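Chain by chain, the residues run as shown.
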Amino acid sequence: AGARSVPARHRTMQLAAMKRIAATGLPWRVRDQKTGIVMLLCAPDSLVIGSALSERGHQTDEKLLAVTIPAPYYLAECAVTQEAWARIMGSDPSVSPAPGHPVNNVSAWECLEFAKRCGPGFRLPHEAEWENACRAGSTTPFSHAAMIDALQMNCKVRRNERTPEVGVSRDA
C-alpha cells in the first residue's frame, strides 16, 4: 500500500491538537513502569459528543451533547495486552492466549479492578474522554471518516482465528 496523503483539514486539526498538548507542559507520551503500558496525553478540549440523527447506526437514545474536558488526561496507546493483564491480575483469562495480543473475556468490573491494581492515576476514561480521543478533533464519527469497517477496526475474527496483535494493523 502506498503512502496516504493527509487532507489539509486533518493537518490543521493535528496542529491544533499538538498546540493544546504542548500548552499543558506535560510529556505527550509516557510508559508506566509497573505495567509497561504506553500512555498518550489528551489535551483539554470542548467538543460535541453523541450521534447525529443523520449518522448511520444512530440509536434513538443517543443525543448530541456539548461537553468540555477541563483537564489533560492520559489514555493507553493500545489495548491492554494479555501479558500486561496477567502481570497485574495474576492470570490471563483470554479465550485464545497469544503473546502481544489484547486481553479478552473480561468484564467491565474486572477492568475496573485492573485499573485499581495498576495504581494511582489509572482509571477507565469517561465517555466524553473516550469519544474525544477516538474522534481526534474531527466532527465525523471516526477520526478519519464517517464510516469504518471491521478490517479497519481490527476486530473481525473468524472462528479459531486469533485477534490481531496489539498495535499492529491488519491492513498495514
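I will try to describe carefully the structure that is included in this document. The written sequence of each chain sets the order in which its residues are numbered from 1. Where local features are concerned, this predicted model is filtered to residues with pLDDT of at least 70; where side-chain atom pairs are given and counted, the filter is 80 or more; whole-chain, interface and lining totals use all residues. By convention in this description, side-chain values take in all heavy atoms of the structure and omit both hydrogens and water.

A few points about the sheet that holds strand β1 (residues 29-31)
Alright, step 1. Reading across from one edge, β1-β2-β5 is the order of the three strands in this open sheet, with antiparallel pairing throughout. The sheet is open, and its two borders are formed by β1 and β5 (73-76), each paired with just one other strand. If you compare each strand with its neighbour and ignore which way they point, the axes differ by 35 degrees on average.
Alright, step 2. The pairing criterion is simple: DSSP has to find at least two bridges between the two strands. A run of H or I in DSSP counts as a helix once it spans at least four residues, and a run of E counts as a strand once it spans at least two, with each numbered from the N terminus. Two elements, β1 and strand β2 (residues 38-42), share three bridges in a ladder whose sense is antiparallel. Among the inter-strand pairings, Arg 31 is bridged to a residue of β2, identified as Val 38.
Alright, step 3. In what follows, residue pairs with any heavy atoms lying within 4.5 Å of each other are defined as contacts. Fitted lines through C-alpha atoms give the axes, limited to the stretch in contact for helices. The angle between two N-to-C directions lies from 0 to 180 degrees. Helix α4 (residues 127-135) rests against β2 and β5 of the sheet, and its axis sits at about 65 degrees to β5.

Focus: the pairing of β2
A regular strand places its side chains on the two faces of the sheet in alternate fashion.
Alright, step 1. Remark: exposure states derive from per-residue accessible area (1.4 Å probe, protein chains only) relative to the maximum for the residue type, with buried under 20%, exposed over 50%, and partly exposed in between. Buried residues dominate β2, accounting for four of its five residues.
Alright, step 2. Adjacent in sequence and paired antiparallel, β1 and β2 are bridged by six residues, among which Gly 36 carries a positive phi angle near 80 degrees.
Alright, step 3. Across four bridges, β2 lies against β5 in antiparallel orientation. Note on β5: the bridge partner recorded for Leu 40 is Leu 75.

Some details on the pattern of salt bridges
Alright, step 1. Criterion for a salt bridge: a side-chain nitrogen of Lys or Arg within 4 Å of a carboxyl oxygen of Asp or Glu. In total, this model carries four salt bridges according to the counting rule given.
Alright, step 2. Salt-bridge contacts for Asp 45 lead to Arg 20; the nearest nitrogen and oxygen are separated by 3.3 Å. With Asp 45 in strand β3 (residues 45-49) and Arg 20 in helix α1 (residues 8-24), this residue pair connects regions lying 25 residues apart in the sequence.
Alright, step 3. Taking relative accessible area as the criterion, Asp 45 reaches 16% and is therefore assigned buried.
Alright, step 4. Judged by its relative accessible area of 30%, Arg 20 falls in the partly exposed class.

Digging into the nonpolar core
Alright, step 1. Formed by Ile 37, Met 39, Ala 84, Trp 85, Ile 88, Met 89, Val 103, Phe 114, Ala 115, Cys 118 and Phe 122, the largest nonpolar core amounts to 11 residues.
Alright, step 2. If you list the elements that add at least two residues to this core, you get α2 (82-89) and α3 (108-118).
Alright, step 3. Of the residues forming this core, the biggest block, four residues, is contributed by α2.
Alright, step 4. Ignoring any residue separated from it by four or fewer positions in sequence, one finds Phe 122 in contact with Asp 32, Thr 35, Ile 37, Met 39 and Ala 115.
Alright, step 5. In plain words, nonpolar cores are sets of buried Ala, Val, Leu, Ile, Met, Phe, Trp, Tyr and Cys residues tied together by side-chain atoms within 4.5 Å. Of all hydrophobic cores here, the second largest spans eight residues; its members include Cys 42, Val 67, Ile 69 and Tyr 73.

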